[in-house]
Amino acid sequence: LPGRLPPPAPLPPPPLFDAAHRALRPSGRLTIFSDNHRYCCSLARLLGGMRRGAAAAGAAGRCFASVPLEGRSCERVDGIRIF
């Protein structure tokens, strides 16, 4: 229908992010690009939840961290930066 937004793309499941994290070398980065702000916020909530779960299990250092980009403003969702 005209004027209606398409449904959001499904979020990748947490095991996909677990596998990506294992594949990255220490201090490696995963960058996600999207022009869909709502989708980025949903991904940030998912990753933030994974970080909280890792912290509760005593493995916070082994989960994704959000990296600052100098000179760039950002929005934070669950501790994850969205630029």
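This text goes with the structure placed above it.
## As for the state of the cysteines
Thinking step 1. As enumerated under the stated definition, the model contains zero disulfides in all.
Thinking step 2. Free cysteine: cysteine 40, not disulfide-bonded; nearest cysteine sulfur from cysteine 41 at 7.0 Å.
Thinking step 3. On the accessibility criterion, cysteine 41 (9% relative accessible area) is buried.

## What about the packing of helix 1 (residues 14-23) against helix 2 (residues 37-56)?
Thinking step 1. Running from N to C, helix 1 and helix 2 cross one another at 70 degrees; their axes reach a closest spacing of 11 Å. Classified by the angle between their axes, helix 1 and helix 2 sit roughly perpendicular to one another. Considering only the axes of helix 1 and helix 2, their crossing is right-handed. Where helix 1 approaches helix 2, its residues Pro14, Phe17 and Asp18 are matched on the opposing element by Leu43, Leu46, Leu47 and Met50.
Thinking step 2. For the contact of helix 1 with helix 2, the residue count by class is six nonpolar, no polar and one charged.

## Let's talk about the nonpolar core
General note: in soluble globular proteins, nonpolar side chains tend to be found buried as a group.
Thinking step 1. In terms of nonpolar packing, the biggest core is built from 13 residues, with Phe17, Ala44, Leu47, Met50, Val77 and Ile82 touching the most fellow members.
Thinking step 2. For this core, the elements supplying multiple residues, two or more each, are helix 2 and strand 2 (80-82).
Thinking step 3. Here this core gets eight residues from one element, more than from any other, and that element is helix 2.
Thinking step 4. Contacts of phenylalanine 17, omitting those with residues within four sequence positions, involve Pro12, Leu30, Ile32, Leu43, Leu46, Leu47, Met50 and Phe64.

## Looking at unusual backbone geometry
Thinking step 1. Non-glycine residue aspartate 78 carries a positive phi angle of around 55 degrees.
Thinking step 2. Its place among the elements puts aspartate 78 in the loop between strand 1 (75-77) and strand 2.
Thinking step 3. Note on aspartate 78: relative accessible area 36%, which makes it partly exposed.

## Remarks on the environment of arginine 72
Thinking step 1. As for its position among the elements, arginine 72 is in the loop between helix 2 and strand 1.
Thinking step 2. Between the C-alpha atoms of arginine 72 and phenylalanine 83, which are eleven residues apart in sequence, the distance is 7.3 Å.

## Describing the side chain of arginine 81
Thinking step 1. When you line up the elements, arginine 81 lands in strand 2.
Thinking step 2. Here arginine 81 occupies a buried position and makes no salt bridge, while the nearest side chain of opposite charge, glutamate 70, is found at 11 Å.
Thinking step 3. In this view, arginine 81 contacts Ser66, Val67, Pro68, Cys74, Glu75 and Arg76; residues no more than four positions away in its chain are not counted.

## Points about the pattern of salt bridges
Thinking step 1. A complete count under the given rule lists one salt bridge for this structure.
Thinking step 2. Here arginine 52 makes a salt bridge to aspartate 78, at a shortest N to O gap of 3.4 Å. Here arginine 52 is found in helix 2, whereas its partner aspartate 78 is found in the loop between strand 1 and strand 2, with 26 residues between them in sequence.

Conventions we followed
- Residues numbered from 1 in each chain as written.
- Predicted model: local features only at pLDDT ≥ 70, side-chain atom pairs only at ≥ 80, totals over all residues.
- Heavy atoms only, no water.
- Disulfide = S-S within 2.5 Å.
- Buried < 20%, exposed > 50% of the residue type's maximum accessible area, 1.4 Å probe, protein only.
- Axes fitted to C-alpha atoms, helices over the stretch in contact; angles between N-to-C directions.
- Helix = DSSP H or I, 4+ residues; strand = E, 2+ residues; numbered from the N terminus.
- Parallel < 35°, antiparallel > 145°, perpendicular 65-115°, else oblique.
- Left-handed = near helix turned anticlockwise from the far one by under 90°.
- Contact = heavy atoms within 4.5 Å.
- Nonpolar A, V, L, I, M, F, W, Y, C, P; charged D, E, K, R; others polar.
- Core = buried A, V, L, I, M, F, W, Y, C linked by side-chain atoms within 4.5 Å.
- Lys, Arg positive; Asp, Glu negative; His and termini not counted.
- Salt bridge = Lys/Arg side-chain N within 4 Å of Asp/Glu carboxyl O.

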